[in-house]
Amino acid sequence: MELQKAAAIFRNRFGESIDGLLPVADLFDNISDILVFVKDSAFRYVAVNETFASRCGIPDKYSAIGKTVTELFPAPLAEAFLEQDKEILRTGVGFHDRLELHLYPGGHRGWCLTYKEPIRGKDGSVIGLCGCSRDINAPDDKARSFDALSKTIDYIHHHYDQPLRLPQLAEMSGLSVYQFDQRIRSLFHVTAGQYLVKVRIDSACEQLARTTEPVAQVALACGYSDQSAFSRQFKQAVGVSPLAYRKRMDAS
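As the structure is a computational prediction, the values presented were derived from the model and not from experiment.

Calculation criteria
- Residues numbered from 1 in each chain as written.
- Predicted model: local features only at pLDDT ≥ 70, side-chain atom pairs only at ≥ 80, totals over all residues.
- Heavy atoms only, no water.
- Phe/Tyr/Trp six-rings, centres within 6.5 Å; stacked < 30°, edge-to-face > 60°.
- Lys NZ or Arg CZ within 6 Å of the ring centre and 35° of its normal.
- Pairing = 2+ DSSP bridges.
- Helix = DSSP H or I, 4+ residues; strand = E, 2+ residues; numbered from the N terminus.
- Axes fitted to C-alpha atoms, helices over the stretch in contact; angles between N-to-C directions.
- Core = buried A, V, L, I, M, F, W, Y, C linked by side-chain atoms within 4.5 Å.
- Buried < 20%, exposed > 50% of the residue type's maximum accessible area, 1.4 Å probe, protein only.
- Contact = heavy atoms within 4.5 Å.

Asker: A description of the packing of aromatic side chains should follow, citing residues and the corresponding values.
Answerer: For the structure shown, the criterion picks out nine aromatic pairs. Members of the aromatic cluster, each reached through a chain of ring pairs, are Phe37, Tyr45, Phe52, Phe73 and Phe81. The cationic tip of Lys39 hangs over the ring face of Phe37; the distance from NZ or CZ to the ring centre is 5.5 Å. Between Arg98 and the ring centre of Phe95, over which it is positioned, the NZ or CZ distance is 3.9 Å.

Asker: Now, about the sheet that holds strand E5 (residues 126–135): what can you tell me, with residues and values included?
Answerer: Taken in spatial order, the five strands line up as E2-E1-E5-E4-E3 in an open sheet, and their pairing is antiparallel. The sheet terminates laterally at strand E2 (45–48) and strand E3 (95–103), the two strands that pair on one side only. Averaged over all pairs of adjacent strands, the angle between their axes in this sheet comes to 25 degrees, without regard to strand direction. Inspection of the sheet shows strand E4 (residues 109–120) paired to E5 by nine bridges, in the antiparallel sense.

Asker: Could you give an account of the nonpolar core, with specific residues and numbers?
Answerer: Counting residues in each nonpolar core, the largest one holds 35 residues, and the members touching the most others are Leu99, Ile136, Leu149, Phe180, Leu187, Phe230 and Phe234. At the level of secondary structure, the elements contributing two or more residues to this core comprise E4, helix H6 (140–159), helix H7 (166–172), helix H8 (177–188), helix H9 (192–210), helix H10 (215–221) and helix H11 (227–238). Take this core: its biggest share by element is eight residues, from H9. For Phe230, the residues in contact, after removing those within four places along its chain, are Ile201, Ala204, Val215, Val218, Ala219, Tyr224 and Pro242.

In short, shape yes, function no, at least from these values alone.
What follows is the structure, given as structure tokens:
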């Protein structure tokens, strides 16, 4: 009965086209280190998993429906999450791999990796957002370095169009190059160099799908001064050329 009620609310706010997103949260009910959530365009929760409810100290996941982040999370976490949501609805661009503080069991704060994406209606407009946050269970010595590392990762995501060198990034994190690489490996399961490529290619995919900018301009915007090098690296990562990727996205 409660699930049917939640489904009705979800349909009224989003429409039938993405009604299938509601059961997705159910898949994660028994995973204790991942919070899953779906919100409408007014930033109200329409679906969460049980882990989310437990962390927020509410009776069950249905108790979150209709509430906003400021009603469920303490400051300043709530304000930070709300600003993220507003930016996604304004730009239509989500984010991956954001290292940030979140609620851990017992109301304690701990580090997690957050992913958020916009939800689009049939006409392509942004009608909500969905995401998840995964706990990082790190030894205390690593946890202490996450604050600086979080700022460095955020810097990468905002300056990937510029030349970025590992020694510079490691210094920003207060780590040696070796330590920085090991932290990145432990979080993202790729080397620091591969992570830079990932951020740039992710952005290239977004721009190719959402804009009509020439491939050469997309390459420059993603930190590549050589279009041929960009095309080679893109194809290696995605499996098709940038033009072929754009055509597939246009067709879909």
